[in-house]
Amino acid sequence: MSGVFMGMPSLPVFGDGNLHIDEPFPAAAHRELGNTQMRANLRHATHTIRDKRIKVVGELPDWEELRDAGAATKNQVMANLPALLEEFEKNFTARGGIIHWARDADEANRIVSDLIKEQDTTEVVKVKSMATQEIGLNEYLEEQGISAFETDLAELIVQLGHDKPSHILVPAIHKNRTEVRDIFLAEMPNVDPNLTDEPRLLAMAAREHLRRKFLSAKVAVSGANFALADSGTLAVVESEGNGRMCLTLPETLITVMGIEKLLPAKEDLEVFMQLLPRSSTGERMNPYTSLWTGVTEGDGPQNVHLVMLDNGRTAALADKYGRTALNCIRCSACMNVCPVYERTGGHAYGSTYPGPIGAILSPLLTGIKSEENSSLPYASSLCGACFDACPVKINIPEILVHLRGEDVDSRRGEKKLPSQMDLMMKGAQWAFSSGKNLGLLEKGLPLGKLAAGQDKKIKRLPGIAAGWTQSRDIPAPPSQSFRDWWKKEHQSEATTMKQEK
Amino acid sequence: MKIALFATCIVDAMYPQTARATVKILERLGHEVIFPSGQACCGQMHINSGYMDEALPVVANHVQAFEADAYDVAVAPSGSCVASVKHQHPILAERCGDAALKARAEAVGAKTYELSQLLVDVLGVTNAGEQLGSHFPHKVTYHPSCHGMRSLNLGDRQLDLLKSVGGIEVADLPEADQCCGFGGTFSMKNADVSSAMLEDKAKNIESTGASLCSGGDASCLMHIGGGLSRTKSNTTTLHFAEILASTMAEPVSVTGEVFVGKGGKR
Ligand code: SF4
């Protein structure tokens, strides 16, 4: 054991690794919007999964109750995290597993790399895992002379294509099958040069390639979907079976898992095993669910390690309004229904976690002050489709708004020169905090006509409002506000009444 | 019933005819409408943009304005403003550490309704043609705004009311539940994405062949109408309150000066 969990650290430590974005969202989105092939692929894929999800969710009469149960369990986990972690550690260790605690990405990477080096190998197979992507494990291992082979088909496509994942569940969602074939032909060793883009043939080519890796690897690295505190059990949920190969064949198994993945007891799986597959792929059940508890002599991996990753999670937990983001089970339903994600794709979010959950999770883990991450909470029209779809009812729009508030407050704290937006908001505060003020401002409405053309439309606005008029006209304002009309109407009423007297 | 009208800032300043239509409908049903004069804005723009300190006096003003007069219920022709009053005001007050304001905001929120909510749930209007004399002989399509649909769970209330208007033809809008891309300051901060969303919404609207797209939020309609106008579309937008207010004797004039676009093929 490399350490003992001491409860919440007094000062939150923010996360690092692939959580920081290096270009503000609007700029990245602008670039990605220009990629019409990607947009078409993405629209097709997300709409297909959306329809499937709605269909299978509709089959369950108690879907809303399941969501409530999932949310309640996760809230309970977050409220008792230190105690549950200790319980889990005790049970995991009693079954022959070894736990390592990692404060941040760097610590986690070093632990995993040292464990691999102990096994005297330079090749590992990997089960698709968000946690290892978050810490940038593959890149780190490469620097150490260790090659990590992704075995999930989509992840393999991304890896071979020297690309980045753009979706948490379907990392190659932005690629169509012709593009996949081209990648295989160019990058896969020993591939049939006559390979077509028929999905079956593509899958078979990948299968052959992967089988060689499964049979030779001494070490596997995985993530985990759930960890059960009452028994010290870990769970991976997948659909291709590659995960099970990695989890059972090698001698050494190293799992990297965020500390928020805990569930109190195995009974809780009942709820989550219904919520997860239906929300993520629109399937009633996922094809493979692997559960393992420590070491079984003569069967499966004999060295079983678990790296428990904080990397900003305790900081997020300390945020009263943001902490429910940790309830996320990474199903990806929110990104599949998000109109912003649908158009920009995952790369625009610049972090391991794209889409609506990424827009809140990344800044929560890194702290809102970090570089460009503060542009992420604004990457939403707050339409609420994500909240509707989320199986554990994370109120993403509310957390987005909360984080926008944190961002504005933190810039206010730095006493920077006010931006145009700041000035606009100040002005609007004056106008909107009394009926009298707004009434005064409305007296100027007829002036707005000056800005309008002959067709009574305003076609260009200056400054930050310029974006609005890039694709929309604004009507010339009316000559009289409702307030003035009302006053006049009711004054004349009052006068008539007086005259009648 | 004595009904307090919350006109909302955008309707008050830019679309006064929508508020007038709301008054007309309620008076036609025999109710007394009052206009609390202290009202200005719900503060949604400030809150959604993260300007919580600036939002606080705006929210406080709204609460105060709607405490000033005696009335039975308050109504606004806007789903998003009502959602803000009901859901955002108490949260903001709590965040700013003002427990008293939170309780007052909750009380005002509990009395506040979106127009279709009030008409259907409280006033029992199910057939606008019969009960309001609504008449509007045009082909119309309908976009449900996100906040009404998801925060207030309005369901088909607005659409059903529209369908019951005399002489109207309502065409289904493809992908109706997709956001139009407005999102307040989102349309400035992420103008490119907003425009891409708008483009798809406009295409879907035009595919229906309707001369008007109706809805329940002036801001979304301004955004959609502004996009249709820029592409010189024959289709424009109109708030559902104005369609309900339109009668045979007093048809709504859809070519008024504040409308974007030429007003469709009429
Ligand atoms: S936030 Fe909700 S919908 Fe999005 S990935 Fe997480 S669990 Fe799924």
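Residues numbered from 1 in each chain as written. Chains lettered and ligands numbered in written order. Predicted model: local features only at pLDDT ≥ 70, side-chain atom pairs only at ≥ 80, totals over all residues. Heavy atoms only, no water.

Chain B has the name L-lactate dehydrogenase complex protein LldE in an unreviewed UniProt entry, where Paeniglutamicibacter psychrophenolicus is given as its organism.

By the naming in an unreviewed UniProt entry, chain A goes by L-lactate dehydrogenase complex protein LldF and is assigned to Paeniglutamicibacter psychrophenolicus.

Asks: Can you walk me through the overall build of chain A in this structure?
Replies: Helix and strand counts for chain A come out as 22 helices and 12 strands. Projecting the C-alpha coordinates of chain A onto the three principal axes gives extents of approximately 105 × 55 × 50 Å. Taking all 501 residues of chain A together, the buried fraction comes to 57%. By sequence separation, contacts in chain A at least 24 residues apart represent 75% of the contacts at least 6 residues apart. With the model as given, the accessible surface of chain A reaches about 21,600 Å², and the carbon-plus-sulfur share is 54%. Computed over 57 positive and 65 negative side-chain charges, the inter-centroid distance for chain A is 9 Å. (Helix = DSSP H or I, 4+ residues; strand = E, 2+ residues; numbered from the N terminus. Buried < 20%, exposed > 50% of the residue type's maximum accessible area, 1.4 Å probe, protein only. Contact = heavy atoms within 4.5 Å. Areas by Shrake-Rupley, 256 points an atom, 1.4 Å probe, with all protein chains shown as cover. Lys, Arg positive; Asp, Glu negative; His and termini not counted. Charge placed at Lys NZ, Arg CZ, Asp CG, Glu CD.)

Asks: Honestly, the packing of aromatic side chains in this entry has me stumped. Any pointers?
Replies: For any pair of aromatic rings, geometry is given as the distance between the ring centres together with the angle between the planes. On inspection of all chains with the given rule, the structure shows 11 aromatic pairs over all chains. A ring pair is formed by Phe 25 of chain A and Tyr 349 of chain A, whose centres lie 4.9 Å apart and whose planes are at 55°; its orientation type is tilted. Linking Phe 25 of chain A in helix α1 (residues 25-33) with Tyr 349 of chain A in the loop between α15 (339-344) and α16 (355-366), this pair joins segments that are 324 residues apart in sequence. For the pair Phe 6 of chain B and Phe 66 of chain B, a centre-to-centre distance of 5.6 Å together with 75° between the ring planes defines the contact as edge-to-face. (Phe/Tyr/Trp six-rings, centres within 6.5 Å; stacked < 30°, edge-to-face > 60°.)

Asks: Please clarify how the UniProt feature "domain: LUD" (unreviewed entry) in chain A should be interpreted in this entry.
Replies: Per the UniProt annotation, the sites labelled "domain: LUD" (unreviewed entry) are residues 85-295 of chain A. Strand forms 19% of residues 85-295 of chain A and helix 44%; the C-alpha atoms that close the span are 19 Å apart. (UniProt positions renumbered as here; feature names shortened; annotations may be inferred.)

Asks: Explanation requested: the site of the ligand in the structure shown.
Replies: Looking at the ligand, there are 13 residues lining it, with Cys 328, Cys 331, Ser 332, Cys 334 and Cys 390 of chain A nearest. Here the shell around the ligand is built from residues that sort into 11 nonpolar, one polar and one charged. (Near = heavy atom within 4 Å. Nonpolar A, V, L, I, M, F, W, Y, C, P; charged D, E, K, R; others polar.)

Asks: Just checking my understanding: could you explain the nonpolar core for this structure?
Replies: In globular proteins that are soluble, nonpolar side chains generally tend to be buried together. Counting residues in hydrophobic clusters, the biggest one holds 142 residues, and the most contacted among them are Phe 88, Phe 184 and Phe 226 of chain A. When near neighbours in sequence (up to four residues on either side) are disregarded, Phe 88 of chain A contacts Ile 99, Ala 227, Leu 228, Ala 229, Gly 232, Thr 233, Leu 234, Leu 262, Leu 306 and Met 308 of chain A. Counting 60 residues, the second-largest nonpolar core is a separate cluster that includes Ala 452 and Phe 482 of chain A together with Ile 10 and Leu 159 of chain B. (Core = buried A, V, L, I, M, F, W, Y, C linked by side-chain atoms within 4.5 Å.)

Asks: How should I be thinking about the side chain of Arg 50 of chain A in this particular structure?
Replies: Inspection of the secondary structure assignment puts Arg 50 of chain A in helix α2 (residues 36-58). What makes Arg 50 of chain A buried here is its relative accessible area of 8%. Look past the residues within four positions of Arg 50 of chain A in its chain and what remains in contact with it is Asn 336, Val 337, Cys 338 and Glu 342 of chain A together with Gln 178 of chain B.

Asks: In this structure, what is going on with the interface of chain B and chain A? I would like to understand it.
Replies: The extent of an interface is frequently quoted as the accessible surface area lost upon association of the parts. In this assembly, 69 residues from chain B lie in contact with 76 residues from chain A. For the pairing of chain B and chain A, the buried interface totals around 6,300 Å² over both sides, and the portion due to carbon and sulfur atoms is 58%. Viewed at the interface, chain A and chain B are joined by nine salt bridges. Among the salt bridges present, the one from Asp 388 of chain A reaches Arg 150 of chain B, with a minimum N-O distance of 3.5 Å. (Buried area = accessible area lost by both parts, 1.4 Å probe. Salt bridge = Lys/Arg side-chain N within 4 Å of Asp/Glu carboxyl O.)

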